[in-house]
Amino acid sequence: QVQLVESGGGLVQAGGSLTLSCTASKPTLWRFAMGWFRQAPGKDREFVAGIGWSGGSTYYSDSVKGRFTISKNNANDSVYLQMNSLKPEDTAVYYCAIGRSYGSGSSKDTGDYDVWGQGTQVTVSS
């Protein structure tokens, strides 16, 4: 079974930048839509960004639009989330997940994603 591993989280000051990476244990991601979600303590897991299988379409939550950029490199079988102008409200555990085969990446529903990484902590200080 394929496993996902997130990396790149850490502590950053407000206004700073951070890049998260997501890699698979075996080459499978190239044909799947991918999503990034986050979960803060006591809150539901929420959609952050999604990308179509080919990388040709991207989607963002209103709270991160204009600040975050999702991308995927099918040659390296990896997905990235570039986060700029970070705010304390962005503090959460961030997860990557595998979506629909040949999908557009538009779904915000956690039920449309089958495999999840272990998460990486992002903490933004004020």
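Residues numbered from 1 in each chain as written. Predicted model: local features only at pLDDT ≥ 70, side-chain atom pairs only at ≥ 80, totals over all residues. Heavy atoms only, no water.

Trainee: Help me understand the overall build of the chain in this model?
Mentor: A tally of helices and strands in the chain yields zero helices and 11 strands. Along the chain direction, N to C, the helices and strands of the chain fall in the order β-β-β-β-β-β-β-β-β-β-β. Whereas a compact globule of 126 residues would reach a radius of gyration of roughly 14 Å, the chain reaches 13 Å, a difference of no more than 12%. Each of the 126 residues in the chain was classed as buried or not, and the buried ones make up 43%. (Helix = DSSP H or I, 4+ residues; strand = E, 2+ residues; numbered from the N terminus. Rg over C-alpha atoms; globule rule 2.2 N^0.38 Å. Buried < 20%, exposed > 50% of the residue type's maximum accessible area, 1.4 Å probe, protein only.)

Trainee: Whenever I open this one, the nonpolar core confuses me. Can you help?
Mentor: The nonpolar side chains of soluble globular proteins are, as a tendency, buried together. By size, the foremost hydrophobic cluster in this structure holds 29 residues, and its most contacted members are Leu-4, Trp-36, Leu-81, Met-83 and Tyr-94. Listed by contribution, the elements that provide at least two residues to this core are strand E3 (18-24), strand E4 (32-39), strand E5 (46-51), strand E7 (68-73), strand E8 (78-83), strand E9 (92-101) and strand E11 (120-125). Leave out the neighbours within four places in its chain, and Tyr-94 touches Glu-6, Leu-20, Trp-36, Phe-37, Arg-38, Val-48, Phe-68, Leu-81, Met-83, Gly-119, Thr-120 and Val-122. (Core = buried A, V, L, I, M, F, W, Y, C linked by side-chain atoms within 4.5 Å. Contact = heavy atoms within 4.5 Å.)

Trainee: When you look at the side chain of Arg-38 in this model, what are you seeing that I'm missing?
Mentor: One can find Arg-38 in strand E4. A distance of 2.9 Å separates polar atoms of two side chains, one belonging to Arg-38 and the other to Tyr-94. Those residues in contact with Arg-38, other than ones at most four positions away along the chain, are Asp-44, Arg-45, Glu-46, Val-48, Ser-63, Val-64, Phe-68, Glu-89, Asp-90, Ala-92, Val-93 and Tyr-94. (Polar contact = N/O pair within 3.5 Å; in protein donor to acceptor, adjacent residues only side chain to side chain.)

Trainee: For this particular structure, what's the right way to read the packing of aromatic side chains?
Mentor: To describe a pair of aromatic rings, you give the distance between the ring centres and the angle between the ring planes. Counted according to the given criterion, the structure contains six aromatic pairs. Seen in terms of ring centroids, Phe-37 and Phe-47 are 5.7 Å apart; in terms of plane orientation they differ by 80°. Their pairing is edge-to-face. In this pair, Phe-37 sits in strand E4 while Phe-47 sits in strand E5, placing the two residues 10 residues apart along the sequence. Phe-47 carries the same exposure label as Phe-37, and that label is buried. Ring geometry for Phe-37 and Tyr-113: centres 5.0 Å apart, planes at 75°, overall edge-to-face. With Phe-37 in strand E4 and Tyr-113 in the loop between E9 and strand E10 (115-116), this residue pair connects regions lying 76 residues apart in the sequence. Residue class for Phe-37 comes out buried when judged on its relative accessible area of 0%. Among the residues examined, Tyr-113 registers a relative accessible area of 5% and is labelled buried. Feature note: the residues Phe-37, Phe-47, Tyr-113 and Trp-116 constitute an aromatic cluster, connected by ring pairs. One residue, Arg-45, lies across the ring of Tyr-95, its end atom 3.8 Å from the ring centre. Arg-45 extends its terminal NZ or CZ atom over the ring of Trp-116, reaching a point 4.9 Å from the ring centre. (Phe/Tyr/Trp six-rings, centres within 6.5 Å; stacked < 30°, edge-to-face > 60°. Lys NZ or Arg CZ within 6 Å of the ring centre and 35° of its normal.)

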